[in-house]
Amino acid sequence: MKTTTVRRVTVSIAVAAALTGAAACSGSDSGGGSGEDGKSAGKAKAQVNPIAALRTVEKSTDKADSAKVESTTTMGTLMSMEADGALGWADGLTGNLTITYTGGTMADQMRQMGTTSMEARYLPDAYYAKMGDKFAEQSGGKHWIKYAYDDLADLAGGSGAYMKDQMQNTTPNQSVKLLLASGDVRKVGEENVRGENTTHYSGTVDVADLAGKSSNLSEKQLADMKRQLEQAGVTTEKIDIWVNDEDLLVKKVEKGELATGSMSSTAYYSDYGVKVSTEEPPAADTADFKDLMQTQPAA
């Protein structure tokens with residue numbers, strides 16, 4: 001396997017794993033507890049407008065610390081993938097996901113590395129991706145790649161800075177915040193999701209404008225990111241969320257258009273309060289993303 005393949009896959013993993021974590025935690029939280037207070041809140045919610053109802057959902061989510069996550073994501077011809085694990089957000093994004101690439105150029109690149117599945121660990125200042133033995137043969141015997149968020153910020157201008165911001169500051173109610181910020185929210189109706197009674201809400205958001213409202217980027221970084229989004233063909237995104245009787249999300253669907261095709265992401269959340277324990281991989285078995293970019297020749 002050529003060293004250029006290592007470099008190409010390393011960059012792709014940087015984007016893909018970061019997006020997976022941010023997407024998985026960017027719009028949902030789901031259901032724990034079933035006390036009387038939650039039932040009362042659910043009954044009251046049906047009598048208020050969608051904006052007021054989602055403000056209650058936003059507050060409920062802020063009180064939660066962790067959840068189990070299942071998600072599927074498709075991004076044009078780049079990749080299709082599935083993720084499963086648990087994430088926490090009490091002090092930055094933490095947790096563990098198993099990510100499996102099921103299609104697109106990312107799956108093809110991963111096959112060259114001898115696997116289409118990897119483990120991702122998320123910590124407040126970095127995330128780690130565990131690759132296969134074939135990758136280790138090209139990286140000094142090391143199986144893990146460390147992606148410090150500060151390095152990601154330098155990877156792709158405004159988009160990289162936004163990625164860093166989202167990874168460090170995202171909470172599972174991000175989609176609720178986006179819908180509230182857009183002002184375009186409507187109640188679709190009552191639906192059953194995996195055995196739970198839920199209320200379905202839907203809306204459309206301007207990706208660039210709302211990214212600015214939901215981040216701490218400078219004007220220059222926002223302008224850079226907006227330009228990159230426009231080049232990628234990203235303009236608007238449709239968001240649907242399903243909220244249970246305890247004002248917690250159980251499902252989120254996001255859909256949009258890219259220059260390379262359609263983008264869609266579906267996530268389910270359960271078992272709020274689940275214990276999330278994440279440790280750094282052994283240093284001796286970890287290669288640094290920044291070092292790999294410096295040592296691998298350009299493609």
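The coordinates are above.
What this report covers is the structure whose coordinates are included nearby. Not measured: the values here are computed from a predicted model.

## Looking at the overall build of the protein
And then number 1: A count of helices and strands for the protein gives 11 helices and 12 strands.
And then number 2: For the protein, buried positions account for 51% of its 299 residues.

## Considerations on the sheet that holds strand S5 (residues 126–130)
And then number 1: Strand order in this open sheet of 12 strands is S7-S8-S9-S10-S11-S1-S2-S3-S4-S5-S6-S12, and the pairing throughout is mixed. Edge positions in the sheet fall to strand S7 (186–193) and strand S12 (286–288), since each of these pairs with one other strand and no more. On average, adjacent strands in this sheet sit at an angle of 20 degrees to one another, irrespective of strand direction.
And then number 2: Across 10 bridges, the pairing between strand S1 (residues 66–75) and strand S2 (residues 79–88) is antiparallel. Bridge pairing in S2 places Ser66 opposite Gly88.

## Re the environment of Leu97
And then number 1: Following the sequence through the fold, Leu97 ends up in strand S3 (residues 94–103).
And then number 2: Take Leu97: its relative accessible area is 2%, and that puts it in the buried class.
And then number 3: Residues Leu97 and Ala120 lie 23 residues apart in sequence; the distance between their C-alpha atoms is 5.2 Å.

## Some thoughts on the side chain of Arg121
And then number 1: Assignment of secondary structure puts Arg121 in strand S4 (residues 117–123).
And then number 2: Looking at Arg121, the relative accessible area reads 18%, which means it is buried.
And then number 3: Among the polar contacts made by the side chain of Arg121, one reaches the main-chain carbonyl oxygen of Glu279 at a distance of 3.0 Å.
And then number 4: Setting aside anything within four residues of it in sequence, one finds Arg121 in contact with Gly95, Asn96, Ala126, Tyr127, Tyr128, Trp144, Thr278, Glu279, Glu280 and Pro281.

## Quick notes on unusual backbone geometry
And then number 1: Despite not being glycine, Asp247 has its phi angle at roughly 60 degrees, a positive value.
And then number 2: Examined against the element boundaries, Asp247 turns out to sit in the loop between strand S9 (236–244) and strand S10 (249–258).
And then number 3: Unlike most non-glycine residues, Asp271 shows phi in positive territory, near 55 degrees.
And then number 4: Mapping Asp271 onto the fold places it in the loop between strand S11 (261–270) and S12.

Conventions adopted
Residues numbered from 1 in each chain as written. Predicted model: local features only at pLDDT ≥ 70, side-chain atom pairs only at ≥ 80, totals over all residues. Heavy atoms only, no water. Helix = DSSP H or I, 4+ residues; strand = E, 2+ residues; numbered from the N terminus. Buried < 20%, exposed > 50% of the residue type's maximum accessible area, 1.4 Å probe, protein only. Pairing = 2+ DSSP bridges. Axes fitted to C-alpha atoms, helices over the stretch in contact; angles between N-to-C directions. Polar contact = N/O pair within 3.5 Å; in protein donor to acceptor, adjacent residues only side chain to side chain. Contact = heavy atoms within 4.5 Å.

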